[in-house]
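A look at the structure
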Amino acid sequence: MSHPILMDCDPGHDDAIALILALSSPELKPLAVTTSAGNQTQEKTLNNALRILTLLNRSDIPVASGAVKPLSRELIIADSVHGESGLDGPELPEPGFAAQSMSAVALMAQKLAESPEPVTLVPTGPLTNIALLLASHPALHAKIERIVLMGGAAGVGNWTPAAEFNIFVDPEAADIVFKSGVPITMCGLDVTHQALILSSDIERMRAINNPVAKCVAELLDFFMIFHQDPKWGFAGAPLHDPCTIAWLLKPELFSSQDCWVGVETSGELTQGMTVVDRYHLTGQAANATVLFDIDREGFVDLLIEALYRYSA
Ligand code: BDR
Ligand code: CA
């Protein structure tokens, strides 16, 4: 039986690849895709989600747009990483279907209420929509099995020395999510910086030679550019967001530790930092399963297998 999920994303190259992985996996049943503002504006991330689902011929999956800005801050975008469109690189089809007229929160609430079984939320952008959902629908918390999110870091940040991008964009939203009491899996930079895609992996993908694999290879060609700067010390590009789906599909690829995680909302130098109590120093009960290591080759093989499924 396939496991119901709701994907809230800001595509975004790695968000797009997370969608492609999830939608090729019979173990998962995406009930809806909602978009957050983050890598680009809400208008562009919505358009990108529709373009990717059009490429995949999945107009059956309802899409809805979320908040245009963080809960109490102005939006910061990552066009330096993802380009002017938010998905620069490949030629993508124009959307072949329209978004729902209801909001992201209304669509997620409807899907949760209708689902006979608990649903896993998979946010891979800033947590604005998820925080609004949790705050406005407390009765639906029981319908959420878990939140498997990409965001944060136990170690260093990637947008500031202390903060990872998704959490930095909307720390107040992240604070609400980490305090919600809903079980959380945190795919932070500790693990995603090991989920590196190398040039040789991209060539394996390109050789699959179907339109989806070609698109992923071209997305990664562009995504590599930002990460080639020697300051990062990466041998490839860290494929952050697909780690969420990979953990759902194959948790044995990862090592993890249950920890208390707090979010810094007001620090002068540390806004958006996730404070991870790895040594149980605070005495606070764990609120997240934090991922620390990944079997990189197993992760790449999982992606490659997914891309072959689009050849049928
Ligand atoms: C996160 O920021 C975004 O640019 C990526 O899509 C990912 O979700 C990594 O910090
Ligand atoms: Ca993202």
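Above this note sits the structure.
Being a predicted model, the structure only gives us computed values, none of them experimental.

Thoughts on the coordination of the calcium ion (ligand 2)
Ideal values for angles at a metal depend on the geometry: 109.5 degrees with four tetrahedral donors, 90 or 180 degrees with six octahedral donors. Within the protein, the calcium ion (ligand 2) binds to Asp10 (OD), Asp15 (OD), Asp15 (OD), Thr124 (O) and Asp241 (OD); these donor distances fall in the range 2.2 to 2.5 Å. The sequence motif formed by the donor residues of the calcium ion (ligand 2) is D-x4-D-x108-T-x116-D. Taken together, the residues span a long stretch of sequence, with Asp10 in the loop between strand E1 (3-9) and helix H1 (13-23) and Thr124 in the loop between strand E4 (119-123) and helix H5 (128-136) at a distance of 114 residues. For the pair shown, Asp10 and Thr124 are each scored as buried.

Overview of empty space enclosed by the protein
Here the structure, examined in full by the defined rule, presents 3 cavities of 30 Å³ or more. Looking at the largest cavity, its volume works out to about 240 Å³. Around the largest cavity, the lining comprises 23 residues; the ones closest to its centre are Val81, His82, Asn158, Phe165 and His240. Where the lining of the largest cavity is concerned, the elements lending two or more residues are H1, helix H3 (79-82), helix H6 (165-169) and helix H10 (211-227).

Some words on the nonpolar core
In terms of nonpolar packing, the biggest core is built from 65 residues, with Leu220, Ile245 and Phe254 touching the most fellow members. Of all the elements, H10 adds the most residues to this core, at 9 residues. Among residues more than four places away in sequence, those in contact with Phe254 are Val191, Cys243, Ala246, Trp247, Leu291, Asp293 and Ile294. Residues Val105, Ile144, Val177 and Val182 belong to the second largest nonpolar core, which totals 35 residues.

Considering the site of ligand 1
In the region of ligand 1, the neighbouring residues are Asp14, Asp15, Asn39, His82, Thr124, Met150, Asn158, Glu164, Phe165, Asn166, His240 and Asp241. Asn39 has a polar side-chain atom sitting 2.6 Å from an oxygen atom of ligand 1. The contact in question runs from an oxygen atom of ligand 1 to an N or O atom on the side chain of His82, over 2.9 Å. Isolated, ligand 1 exposes 280 Å² of accessible area, and the fraction of that covered by the protein chains is 97%. Listing elements by their share of the shell around ligand 1, those giving two or more residues are H1 and H6. In the shell around ligand 1, the residues fall into 2 nonpolar, 6 polar and 4 charged.

Quick notes on the rules
- Sequence order sets the numbering: in each chain, residues are counted from 1 along the sequence as written.
- The order in which chains are written sets their letters, starting at A; the order in which ligands are written sets their numbers, starting at 1.
- Totals for whole chains, interfaces and linings use all residues, but because this is a predicted model, local features are given only for residues with pLDDT of at least 70 and pairs of side-chain atoms are given and counted only at 80 or more.
- Just so you know, side-chain values use all the structure's heavy atoms and leave hydrogens and water out.
- Distances up to 2.8 Å from the metal define which N, O and S atoms are donors, and 3.2 Å serves for Na, K and Ca; water is absent from the atom set, so sites may look incomplete.
- A run of DSSP states H or I qualifies as a helix once it reaches four residues; a run of E qualifies as a strand once it reaches two. Both are numbered from the N-terminal end.
- Whether a residue is buried, partly exposed or exposed follows from its accessible area with a 1.4 Å probe, protein chains only, as a fraction of its type maximum: under 20%, in between, or over 50%, in that order.
- Residues are said to line a cavity or pocket when one of their atoms sits within 4 Å of a point; the points come from a 1 Å grid over protein atoms alone, cavities being sets where a 1.4 Å probe fits but cannot get out and pockets being open sets with protein on both sides within 12 Å along at least five of seven lines.
- Grid points are joined across faces, edges and corners, and a volume is the space filled by probe spheres set on the points.
- Residues belong to a common nonpolar core when they are buried Ala, Val, Leu, Ile, Met, Phe, Trp, Tyr or Cys residues joined through side-chain atoms within 4.5 Å.
- Contact definition: two residues touch when any of their heavy atoms are within 4.5 Å.
- We call a residue near a molecule or strand whenever a single non-hydrogen atom of that residue lies within 4 Å of it.
- Any N or O atom pair separated by 3.5 Å or less is treated as a polar contact, with the protein-specific requirement of one donor-capable and one acceptor-capable atom, and with residues adjacent in sequence counted only for side-chain atom pairs.
- Methods summary: accessible areas were calculated by the Shrake-Rupley approach with a probe of 1.4 Å, and residue burial reflects only the protein chains presented.
- We call Asp, Glu, Lys and Arg charged. Ala, Val, Leu, Ile, Met, Phe, Trp, Tyr, Cys and Pro are nonpolar, and the rest, Gly among them, are polar.

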